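Listed below, chain by chain, are the residues.
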Amino acid sequence: MNRIIITLLATAVSVLSMAQSTLLRQRVSDLNFYQLPYQYTALEPAIDALTVEIHYSKHHKAYFDKFFKQASDLKLTDKSLKEIFEKVSEYPTGIRNNGGGYYNHVLYWEILKPGNRKGLSPTLNKVIVEEFGSVDNLIAQMNDAALKRFGSGWAWLVLDDNGKLKIGSTPNQDNPLMDVSDFKGIPLIGIDVWEHAYYLKYQNKRAEYVNSIWSLINWEVVSQLYDEAVKKQ
Ligand code: MN
């Protein structure tokens with residue numbers, strides 16, 4: 001009886017569609033394409049429905065399909081994404097680009113998921129204030145990282161090996177879990193700054209897109225990712 005209640009409570013408090021640790025540790029052979037847990041219109045007006053539809057059903061799906069095929073051809077399907085990222089320099093570039101493309105977008109959709117936008121946990125809030133002074137300062141630094149990333153890539157908030165929050169960016173579909181990345185840590189927020197993420201609505205105005213995305217960030221999800229990341233330290 002107690003176990004049933006505990007299970008129900010655990011389900012109720014989980015705001016992530018899929019724990020990142022589960023996604024990263026599953027064997028590739030057990031992966032299915034991520035199910036977007038909301039409608040294409042759910043991120044409007046900051047991100048328009050057509051952008052979400054193309055981004056998810058074309059770009060994200062293509063990364064998954066190509067990664068799955070290449071991982072199968074190379075007999076990597078017994079490995080997890082985590083294992084592959086940690087040694088990604090040893091594999092063909094397609095694994096790096098498409099595996100990164102698959103994982104990065106799952107994180108992106110999860111942290112934009114409609115829900116508790118004011119749900120920043122007291123724990124994470126305290127750490128942000130200690131390390132950045134305020135949430136506004138963190139946002140300003142992330143925006144700066146997003147704007148300074150030349151060409152296509154991602155801006156990140158991560159928990160690093162020393163248990164500190166860090167802000168940085170990576171090119172293309174690289175991420176901070178990859179051995180090839182100069183910027184490392186466990187991702188908590190990933191902002192896609194490829195033009196396909198914003199061009200239909202914002203054209204060349206990356207700054208407007210990046211500014212507007214903060215109205216969508218689900219801080220309850222980010223707080224849960226932080227709790228998961230701390231446990232892995
Ligand atoms: Mn993208």
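Report follows, based on the coordinates. (Residues numbered from 1 in each chain as written. Predicted model: local features only at pLDDT ≥ 70, side-chain atom pairs only at ≥ 80, totals over all residues. Heavy atoms only, no water.)

The next point concerns the side chain of Asn175. One can find Asn175 in the loop between β2 (165-171) and β3 (186-192). Its relative accessible area of 0% is what places Asn175 among the buried residues. Polar contacts involving the side chain of Asn175 include one to the side chain of Asn104, which spans 3.1 Å. (Helix = DSSP H or I, 4+ residues; strand = E, 2+ residues; numbered from the N terminus. Buried < 20%, exposed > 50% of the residue type's maximum accessible area, 1.4 Å probe, protein only. Polar contact = N/O pair within 3.5 Å; in protein donor to acceptor, adjacent residues only side chain to side chain.)

Attention now moves to helix α7 (residues 135-148). Note: α-helices contain 3.6 residues per turn, so residues at a spacing of three or four share the same orientation. Over its 14 residues, α7 extends 20 Å from the first C-alpha to the last, a length consistent with the 20 Å expected when each residue adds 1.5 Å. Buried-residue contacts for α7 involve α6 (122-132), β1 (153-159), β2, β3, α9 (206-213) and α10 (219-232). (Expected span 1.5 Å × (residues − 1). Contact = heavy atoms within 4.5 Å.)

With that settled, consider unusual backbone geometry. Pro45 follows Glu44 through a cis peptide bond whose omega is 5°. Considering the arrangement of structural elements, one finds Pro45 in the loop between α2 (20-25) and α3 (49-73). In this model, Asn172 sits at a positive phi of 50°, which is unusual for a non-glycine residue. Position of Asn172 relative to the elements: it lies in the loop between β2 and β3.

Examined bridge by bridge, β1 and β2 share seven bridges and lie antiparallel to one another. Bridge pairing in β2 links Leu157 to Ile167. Linking β1 back to β2 in an antiparallel pair, the connection comprises five residues, with Gly163 at a positive phi of about 75°. (Pairing = 2+ DSSP bridges.)

Turning next to the environment of Lys232. Mapping Lys232 onto the fold places it in helix α10. With 97 residues separating them along the chain, Lys232 and Val135 place their C-alpha atoms 24 Å apart. With residues near it in sequence (within four places) discarded, Lys232 still touches Ser21, Arg25 and Ile186.

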